[in-house]
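Close look at the chain arrangement
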Amino acid sequence: METECRAHTLVADVALFADDHVLLVRYADMAKYDNQSGWFLPDDELKYLEHPERAGARILEEQLGLARLKPRLDHIESFKGDSGTWHMSFHNKLVLDGMPRLKASNALADAKWFELTKLPPRGEVAHHGWALHILETMAKGRS
């Protein structure tokens, strides 16, 4: 059975909130991230048959050393990516009581907490400010 799909790209990310801040990252290997050098929400492609919420927990553990956390799916986006494949992006969310100590992996060039009222300019965020769009969508869903 083939486990690699060339027609679809499934991605999960995590908006990690603590003390009115959100965590954004920059990746060391920009080639893996469409040669984007800007800020991202921590993300990765889903592994074969991986549940999107499990992918969110894996991302936090592998990239930031944060184990046993359970982000929850907030919303899903479906669109055609630059590669021409159908992209499904599963946006997870987790709110913590305080900022945890991070143990950033070698995959990250930087990890930084940003105040929600002082996010980086759209031009400094990868994919034309996509992480900011995700955060704005999440904020609209709050009651």
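That block above? That's the structure.
Here the structure is a predicted model, which is why all the values come from computation and not from measurement. (Residues numbered from 1 in each chain as written. Predicted model: local features only at pLDDT ≥ 70, side-chain atom pairs only at ≥ 80, totals over all residues. Heavy atoms only, no water.)

Roughly 590 Å³ of internal volume is contained in the largest pocket. What lines the largest pocket is a set of 21 residues, and nearest its centre among them are Val11, Asp34, His87, His127 and Trp130. Where the lining of the largest pocket is concerned, the elements lending two or more residues are strand E1 (8-18), strand E3 (43-45), strand E4 (72-80), strand E5 (86-96) and helix H2 (126-140). Residues of the lining of the largest pocket, tallied by class, amount to 6 nonpolar, 8 polar and 7 charged. (1 Å grid on protein atoms, 1.4 Å probe; cavity = no way out; pocket = protein on both sides within 12 Å on 5 of 7 lines; lining within 4 Å. Points joined across faces, edges and corners; volume = space filled by probe spheres on them. Helix = DSSP H or I, 4+ residues; strand = E, 2+ residues; numbered from the N terminus. Nonpolar A, V, L, I, M, F, W, Y, C, P; charged D, E, K, R; others polar.)

Examined against the element boundaries, Trp113 turns out to sit in strand E6 (residues 108-115). Judged by relative accessible area, Trp113 falls into the buried class, the value being 16%. Note: C-alpha distance between Trp113 and Met99 (14 residues apart in sequence) is 8.5 Å. (Buried < 20%, exposed > 50% of the residue type's maximum accessible area, 1.4 Å probe, protein only.)

Turning our attention to empty space enclosed by the protein. Applying the stated criterion across every chain, the model contains 1 cavity of 30 Å³ or more. Computed from the structure, the largest cavity encloses a volume of approximately 70 Å³. Looking at the largest cavity, the residues that line it are Asp13, Trp39, Phe40, Leu41, Asp43, Ala126, Trp130, Ala131 and Ile134. Broken down by element, the lining of the largest cavity gets its largest block of residues, 4 residues, from H2. A class-by-class count of the residues in the lining of the largest cavity yields 7 nonpolar, no polar and 2 charged.

Our next topic: the environment of His87. By the secondary structure assignment, His87 is in strand E5. For His87, a relative accessible area of 15% gives the class buried. A sequence separation of 78 residues divides His87 from Thr9, and the C-alpha atoms of the two residues are 4.7 Å apart. In this view, His87 contacts Thr9, Glu77, Ser78, Phe79 and Gly81; residues no more than four positions away in its chain are not counted. In terms of polar contacts, His87 uses its side chain to reach the backbone carbonyl oxygen of Thr85, at 3.1 Å. (Contact = heavy atoms within 4.5 Å. Polar contact = N/O pair within 3.5 Å; in protein donor to acceptor, adjacent residues only side chain to side chain.)

To continue, consider the pairing of E4. Relative to E5, E4 runs antiparallel, the two sharing 8 bridges. Of the residues in E5, the one forming a bridge with Arg72 is Lys93. (Pairing = 2+ DSSP bridges.)

Once that is clear, we can look at the nonpolar core. Side chains of a nonpolar character, in soluble globular proteins, are inclined to be buried together. In terms of nonpolar packing, the biggest core is built from 16 residues, with Leu16, Val25, Tyr27, Phe40, Leu60 and Leu64 touching the most fellow members. Of all the secondary-structure elements, those providing two or more residues to this core are E1, strand E2 (21-27), helix H1 (52-64), E5 and E6. The residues contacting Leu16, other than those within four sequence positions of it, are His21, Val22, Leu23, Leu60, Leu66, Leu94, Leu96 and Trp113. With 13 residues, the next largest nonpolar core counts Phe17, Phe114, Ile134 and Met138 among its residues. (Core = buried A, V, L, I, M, F, W, Y, C linked by side-chain atoms within 4.5 Å.)

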